[in-house]
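# A structural walkthrough
One letter stands for each residue in the lines below.
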Amino acid sequence: MDAELQLNATLRSIPGASSEWNREAARAVYDLPFNDLLFRAQTIHRENFDPNRVQLSRLLSIKTGGCPEDCGYCSQSSHHQSGLKASKLMEVQRVIAEARKARDAGATRYCMGAAWRSPKERDMDAVVAMVEGVKALGMETCMTLGMLDLGQAQRLKQAGLDYYNHNIDTSERYYSEIISTRTFAERLDTLANVRDSGIKVCCGGIVGMGEEKADRIDMLVTLANLPEPPDSVPINMLIPIEGTPLGEAEPIEPIEFVRTIALARIMMPKSHVRLSAGRTAMSDEMQALCFFAGANSIFVGDTLLTAENPGEDKDSALFRRLGIKPMEREAQ
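Residues numbered from 1 in each chain as written. Predicted model: local features only at pLDDT ≥ 70, side-chain atom pairs only at ≥ 80, totals over all residues. Heavy atoms only, no water.

## Concerning the overall build of the protein
Of the regular secondary structure elements, the protein holds 12 helices and 12 strands. In the protein, which comprises 332 residues, the proportion classed as buried is 55%. Partitioning the contacts of the protein with sequence separation of at least 6, the portion at a separation of at least 24 is 74%. (Helix = DSSP H or I, 4+ residues; strand = E, 2+ residues; numbered from the N terminus. Buried < 20%, exposed > 50% of the residue type's maximum accessible area, 1.4 Å probe, protein only. Contact = heavy atoms within 4.5 Å.)

Okay, here's the thing in structure tokens:
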């Protein structure tokens, strides 16, 4: 009975739709007995989504390597010796051709990423053409190009961009341990520009970078307390890459990762919680727990920017075993 009373007290502390989360309430939920946490997360998930549907996205690197930022996890940084060669911006028609393949394979959202600090004016015409071309295929469009000013965000909105991804990566406290070339506040400024332009925000972070549990919780508190919670919340498990400062990082314990997914679902009930980078290191059972905890979006395809990703055959086999089906494409 004591455990039940404790559970009820914790659940009563969960903020309502109009209230902000604080660290103490979020920590109390994160620390629930595992079964109680998953039950609560699955209950909230079912109130807002079909529990047996997962949204499929495809991610393409349209400009790889040579990034001036020093993000400690990233193989594309010019500060690190990862062996990755920089490339030029892809041609528009090639990007559209790849998007068409992704659509025909079942993806409903196409995400395009460029290793920039921020897009230069000379590249904007091509980027806009990519958005317009992918949108014409009937797919949702998403881009991640680094920092955006309001004018750039508005131009992308006019082109038909649905989502813009710009992760905060970790807590504000731990942020400077990972990145020194861009501040936490600058990331929030870009999110504000995206939101003010009318583009939907895709924003999450990376776990397993040596952060403490409190940092994972604080990251989610920041996201949940934005003026509007992100429409998509990618939760990445660090893929340690040789030649980067985090190349030898110890992996996060699987149960702690699932707890993070569950807390994201509880704190942001209407957001798509995306099981993102790191799935190659997850067992089928771990992924199944993540789906039960409220994850309902993944990236499909053999690569995720520059890192490996489970192949579509493996994902299809797992979906069949779990009785999960892809989300259907929304009418455009």
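## Some thoughts on the packing of aromatic side chains
Inspection of the entire model under this criterion finds two aromatic pairs. Where Tyr175 meets Phe184, the ring centres are 5.5 Å apart and the plane angle is 80 degrees; that geometry is what we call edge-to-face. In this structure Tyr175 comes out as buried when scored by relative accessible area, which is 3%. Pairing Phe291 with Phe319 gives two aromatic rings, centres 6.1 Å apart and planes at 80 degrees, and the pair type is edge-to-face. Of this pair, Phe291 sits in helix α11 (residues 284–292) while Phe319 sits in helix α12 (residues 312–322); the two residues are 28 residues apart in sequence, bridging distant segments of the chain. Geometry around Tyr163 places Arg109 over its ring, the cationic atom sitting 3.7 Å from the centre. One residue, Arg274, lies across the ring of Phe299, its end atom 4.7 Å from the ring centre. (Phe/Tyr/Trp six-rings, centres within 6.5 Å; stacked < 30°, edge-to-face > 60°. Lys NZ or Arg CZ within 6 Å of the ring centre and 35° of its normal.)

## Side note on the environment of Ala115
Tracing the backbone shows Ala115 in the loop between β2 (109–114) and α5 (121–135). Taking the relative accessible area as the measure of exposure, Ala115 reaches 8% and is therefore buried. Each C-alpha atom, one on Ala115 and one on Thr64, is 5.5 Å from the other, the two residues being 51 residues apart in sequence.

## A closer look at the packing of helix α4 (residues 92–104) against α5
Following both chains from N to C, one finds α4 and α5 inclined at 30 degrees, their axes separated by 9 Å at the closest point. Taken together, the axis directions place α4 and α5 in an arrangement best described as roughly parallel. Note that α4 runs across α5; the crossing there is right-handed. Contacts between α4 and α5 pair Val92, Val95, Ile96 and Ala99 from the former with Ala126, Ala129, Met130, Gly133 and Val134 from the latter. Each residue belonging to the contact of α4 with α5 can be placed in one class, and the counts come to eight nonpolar, one polar and no charged. (Axes fitted to C-alpha atoms, helices over the stretch in contact; angles between N-to-C directions. Parallel < 35°, antiparallel > 145°, perpendicular 65-115°, else oblique. Left-handed = near helix turned anticlockwise from the far one by under 90°. Nonpolar A, V, L, I, M, F, W, Y, C, P; charged D, E, K, R; others polar.)

## Describing the nonpolar core
Nonpolar side chains tend to gather and get buried jointly when the protein is soluble and globular. In terms of nonpolar packing, the biggest core is built from 94 residues, with Met143, Leu156 and Phe257 touching the most fellow members. In terms of residues, this core owes the most to one element, helix α10 (residues 254–267), which gives eight residues. Apart from the residues within four sequence positions on either side, Leu156 is in contact with Met124, Val127, Val131, Met143, Leu145, Leu148, Leu161, Tyr164 and Ile199. Within the second largest apolar cluster, five residues are counted, among which are Leu59, Cys111, Cys142 and Tyr163. (Core = buried A, V, L, I, M, F, W, Y, C linked by side-chain atoms within 4.5 Å.)

## Side note on the pattern of salt bridges
Summed over the entire model, instances satisfying the criterion amount to 18 salt bridges. Glu121 is the salt-bridge partner of Arg155, the closest N and O atoms lying 3.3 Å from each other. With Arg155 in helix α6 (residues 150–159) and Glu121 in helix α5, the pair connects residues that are 34 residues apart, well separated along the chain. Overall, the relative accessible area of 56% leaves Glu121 in the exposed class. One salt bridge connects Asp169 with Arg187, and the closest N-O pair in it is separated by 3.3 Å. Taken together, the positions of Asp169 in the loop between β4 (163–165) and α7 (172–175) and Arg187 in helix α8 (residues 184–197) put the pair 18 residues apart, joining distant regions of the chain. A single burial state applies to Asp169 and to Arg187, both of which are buried. Overlapping salt bridges bring together Glu69, Arg117, Arg182 and Glu186 as one network. (Salt bridge = Lys/Arg side-chain N within 4 Å of Asp/Glu carboxyl O.)

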